[in-house]
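Architecture at a glance
Each chain is listed here by its residues.
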Amino acid sequence: MASVLIVDDSQFIRQTLAQILQTSEYEVVGEAATGTEAVDKYRLLRPDLVIMDVTMPEMDGVQALKCIHSEFQDAQIVMCSTVSQQRMMVKAIESGAKDFIVKPFHKTTVLDTVHRLFRKPV
């Protein structure tokens, strides 16, 4: 079972993602509301995957992505964002994000993206 860290400043989004992932046998091992928390929790938990929002207080998702990748080059991070933040998504991919999910997201889209990373059939 793959472990996942969910990072978003919206508790509702974190809960929604957790519910989606848990229906498909992924283990949500932690949550974070800021980029700073994400980096700290990644160091502590070493999850198989991080799903992280782009826009957050303290440290945005792209900065957190860069911090995590500077220490853990093999980290698998998927970014979440609205369509209006397309420029930030390009920066995230250039900085090492494996994929992105556009908000508002649907269960199928989230699971397709995660399954692809772990090469699981849909």
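Residues numbered from 1 in each chain as written. Predicted model: local features only at pLDDT ≥ 70, side-chain atom pairs only at ≥ 80, totals over all residues. Heavy atoms only, no water.

We now examine the packing of helix α2 (residues 35-45) against helix α3 (residues 61-71). Interaxial distance between α2 and α3 falls to 9 Å at its minimum, and their mutual angle equals 25 degrees. The angle between α2 and α3 falls in the class roughly parallel. Relative to α3, α2 is oriented so that their crossing is right-handed. For the pair α2 and α3, contact is made by Gly35, Ala38, Val39, Tyr42 and Arg43 and by Ala64, Cys67, Ile68 and Glu71, respectively. For the contact of α2 with α3, the per-class residue count stands at 6 nonpolar, 1 polar and 2 charged. (Axes fitted to C-alpha atoms, helices over the stretch in contact; angles between N-to-C directions. Helix = DSSP H or I, 4+ residues; strand = E, 2+ residues; numbered from the N terminus. Parallel < 35°, antiparallel > 145°, perpendicular 65-115°, else oblique. Left-handed = near helix turned anticlockwise from the far one by under 90°. Contact = heavy atoms within 4.5 Å. Nonpolar A, V, L, I, M, F, W, Y, C, P; charged D, E, K, R; others polar.)

All right, on to the state of the cysteines then. A covalent bond bridging the sulfur atoms of two cysteines is what the word disulfide describes. This structure, assessed with the given rule, holds 0 disulfides. Unpaired in terms of disulfides, Cys67 finds its nearest cysteine sulfur in Cys80, a separation of 19 Å. (Disulfide = S-S within 2.5 Å.)

Before going further, it helps to examine the environment of Val78. Checked against the element boundaries, Val78 lands in strand β4 (residues 77-82). When its relative accessible area of 1% is taken as the criterion, Val78 is described as buried. Spatially, the C-alpha atom of Val78 lies 9.9 Å from that of Val110, the residues being 32 residues apart in sequence. Setting aside residues no more than four positions away along its own chain, Val78 makes contact with Leu49, Val50, Ile51, Met52, Asp99, Phe100, Ile101, Thr113 and Leu117. (Buried < 20%, exposed > 50% of the residue type's maximum accessible area, 1.4 Å probe, protein only.)

For the rest of this paragraph, the subject is the packing of aromatic side chains. With the rule as written, the count across this model stands at 2 aromatic pairs. Here Tyr26 and Phe118 contribute two aromatic rings whose centre-to-centre distance is 6.0 Å and whose plane-to-plane angle is 40 degrees, an arrangement assigned as tilted. Residue Tyr26 is located in the loop between α1 (11-22) and β2 (27-32), and its partner Phe118 is located in helix α5 (residues 107-118); the two are separated by 92 residues in the primary sequence. Judged by relative accessible area, Tyr26 falls into the buried class, the value being 2%. By relative accessible area, which is 23% here, Phe118 ends up partly exposed. With centroids separated by 5.0 Å and ring planes inclined at 55 degrees, the aromatic side chains of Tyr42 and Phe72 adopt a geometry described as tilted. (Phe/Tyr/Trp six-rings, centres within 6.5 Å; stacked < 30°, edge-to-face > 60°.)

As a further point, take the pattern of salt bridges. Taken as a whole and judged by the stated rule, the model has 6 salt bridges. The closest approach of N and O atoms between Arg43 and Glu71, which form a salt bridge, is 2.4 Å. Residue Arg43 is found in helix α2, and its partner Glu71 is found in helix α3; the two are separated by 28 residues along the sequence. Judged by its relative accessible area of 37%, Arg43 is partly exposed. Of the charged contacts, one joins Asp53 and Lys103 as a salt bridge, the two residues approaching to 3.2 Å between their closest N and O atoms. (Salt bridge = Lys/Arg side-chain N within 4 Å of Asp/Glu carboxyl O.)

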